[in-house]
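What follows is the residue order along each chain.
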Amino acid sequence: MDALFDNFFPAALMVMSPTSLFVMLAGVIVGTIMGALPGFGAAQALALMFPFTFTMSPETGTLFFISIYAAAEYGGSIPAILIRTPGTTAAAITLLDGFPMARQGKALRALRISLYTGIAGSIASSIIFVFAASLLAWIGLQFGPSEMFAVGVFGLSMIGSFFGSSPVKGFVATGIGLFLAMIGSSGFAGLRFTFGLESLMEGLPLIVVITGLLAMPEVFRLLMARKSDPMPDVDALGQSDRERNHVGWKDMRKLTPTMLRATVIGTAIGAIPGPGATVSSLVAYNEERRISKHPEKFGTGLDEGVAAPETANNAIVAGALIPSLALGVPGSGAIAVLLGLLISKGVVPGPLLFEQNGLLVMAVFIGLIVSALIMLAVGMAGMRVFAMIARVPRYILGPFVLLLLIMGVYAEAGYAPHVVMAIMLGAGAFWMEKIDMPVIPIVLAFVMGPVIESNFNRAMVIHGGDLGFFLTRPITVGLLLLSLTTVLLAFRRALRARRETTRTAAA
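Fair warning: this is a prediction, and the values are worked out from it, not measured in the lab.

Cut-offs applied
- Residues numbered from 1 in each chain as written.
- Predicted model: local features only at pLDDT ≥ 70, side-chain atom pairs only at ≥ 80, totals over all residues.
- Heavy atoms only, no water.
- Helix = DSSP H or I, 4+ residues; strand = E, 2+ residues; numbered from the N terminus.
- Buried < 20%, exposed > 50% of the residue type's maximum accessible area, 1.4 Å probe, protein only.
- Polar contact = N/O pair within 3.5 Å; in protein donor to acceptor, adjacent residues only side chain to side chain.
- Axes fitted to C-alpha atoms, helices over the stretch in contact; angles between N-to-C directions.
- Parallel < 35°, antiparallel > 145°, perpendicular 65-115°, else oblique.
- Left-handed = near helix turned anticlockwise from the far one by under 90°.
- Contact = heavy atoms within 4.5 Å.
- Phe/Tyr/Trp six-rings, centres within 6.5 Å; stacked < 30°, edge-to-face > 60°.
- Core = buried A, V, L, I, M, F, W, Y, C linked by side-chain atoms within 4.5 Å.
- Expected span 1.5 Å × (residues − 1).

Caption draft 1: Fine view of the overall build of the protein. Each helix and strand in the protein was counted, giving 22 helices and two strands. Looking at the protein as a whole, 55% of its 507 residues qualify as buried.

Here it is, written out as structure tokens:
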């Protein structure tokens, strides 16, 4: 570790050079734009930018990529807050409170909280990264297929327990999401639920599910809007609403405990290969809701509801770098692309990297902080431009959003049936919202489904088909017991709330 810190000043000089700053600025702009486009997450953005790194040095290319990665995670929250269309799956958690804030005339406030807390999470996790990389990398190694299966089950228990007006509806929606995830090839046992349709043989793409379930219902509402409909959003950014949309030091101090908890969650989950930003955002959001004195207010436009997932979402960038650089194990799809860049430059990730190439590691650490500050400047400069979307009349915005979604879904694979799938899922989600059935659990369960199934199958193969391995792995047992406890407590709370409602009505 001492050798690593010996490279601090050389790495700082390299990161602060005009070339490096320009490259990181370009990376932040590209990442923000691509993160805001539905279907273009950090992994896709890095893959598209890979050819531009051919002439770069390993340090410059790495700084370019981590800037894109961090900015893409932030960029996904912009359309989630403004038009209920998350640019990334993790941003689906942000829209739970971010979009209601925009509808209440506080779009700029939601964007500011998203930016400020995301920057705080990125910087704090970067500091944790350099001091705790070895320890967190070792913890990440303890999670094999059985532990990852248990992580997925725990995620499902939280999804069903905390989303929806009752656990029953939450778990029904979770079951629908798992069913959608099962369509197509299982990877182990042939095709399922394709009904002989060629278009379903490859399953439902993630962008189709996200767009159909989260964005299309809002498009339908926009298309049904009339010119005479009231537009509370039109004056949302006006001079009279400056105070409501202002986010000062007092607000940030109030959110500090939330940011600290979410930073630890995001960094820790990032160090575990597999779960990704969606799981960290979900866990951080549920933790805030669990400890809140007013959990029923989550989903109505709370500052904490935006701060928690955005802090964890951005903190995961440094967390995911830990197993990647220290052990050569990619913590996410985006990091896998980054590892490909390093290997193509002759840099071999692993335990010896910290000793043999401390300059690169320290440059990554400093670059994460500098790119976060650049992202702060870019975000503040473009925030009012982004927030102007909230002032566009709904009946005008609808057709443009629909066109954007159709283009995004079609461009992902150039396959027209995907557009039809998205529209059909949107119609179903629109109807489900009418009967108070939550759609967020469907999306999250769809994301978690492949993680659970693939790791369960791997664990079964490793242990020769013996289910007894669940009882011999301490972390697995602990997570499964925690999952059961979460479900039981959710139903207990629901029964208690029903008794109190009945008692109040009788009185």
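Caption draft 2: Fine view of the side chain of S125. Among the secondary structure elements, S125 is positioned in helix 8 (residues 107-141). Owing to a relative accessible area of 1%, S125 belongs among the buried residues under this scheme. Of the polar contacts made by the side chain of S125, one reaches the backbone oxygen of A315; its length is 3.3 Å.

Caption draft 3: Region of the structure containing the packing of helix 10 (residues 167-182) against helix 21 (residues 440-462). Between helix 10 and helix 21, the shortest axis-to-axis distance is 7 Å and the interhelical angle comes to 45°. Our classification of the angle between helix 10 and helix 21 gives oblique. Seen along the crossing, helix 10 lies across helix 21 with a hand that is right-handed. Residue-level contacts link G170, A173, T174, I176, G177, L178, L180 and A181 of helix 10 to P441, I442, A445, F446, G449 and P450 of helix 21.

Caption draft 4: Just the environment of A90, in detail. With respect to the secondary-structure elements, A90 resides in the loop between helix 6 (77-83) and helix 7 (91-103). Owing to a relative accessible area of 2%, A90 belongs among the buried residues under this scheme. A sequence separation of 192 residues divides A90 from L282, and the C-alpha atoms of the two residues are 7.9 Å apart. In contact with A90, other than residues within four places in its own chain, are A277, T278, S281 and N313.

Caption draft 5: Focus on the packing of aromatic side chains. Applying the stated criterion to the full structure yields five aromatic pairs. When the centroid spacing of 5.3 Å and the interplanar angle of 45° are considered together, the rings of F149 and F456 count as tilted. With F149 in helix 9 (residues 145-162) and F456 in helix 21, this residue pair connects regions lying 307 residues apart in the sequence. Judged by relative accessible area, F149 falls into the buried class, the value being 13%. Note on F456: relative accessible area 26%, which makes it partly exposed.

Caption draft 6: Spotlight on the side chain of N314. On the secondary structure map, N314 appears in helix 15 (residues 303-327). A relative accessible area of 2% places N314 in the buried class. If sequence neighbours within four positions are ignored, N314 has contacts with A70, E73, Y74, G118, S122, S125 and M375.

Caption draft 7: Looking closely at the nonpolar core. Counting 136 residues, the largest nonpolar core has F65, F129, L204, L214, L321 and I366 as the members making the most contacts within it. The element best represented in this core is helix 18 (residues 358-387), accounting for 13 residues. With near-sequence residues (within four places) excluded, L214 lies in contact with R84, P86, A92, L95, V209, V439, I440 and V443. Membership of the second largest hydrophobic core comes to five residues, among which are F143, M148, A150 and V151.

Caption draft 8: Representation of helix 11 (residues 206-224). The first and last C-alpha atoms of helix 11 sit 27 Å apart over 19 residues, in line with the 27 Å expected at 1.5 Å per residue. For helix 11, the buried fraction is high: 15 of the 19 residues fall into the buried class.

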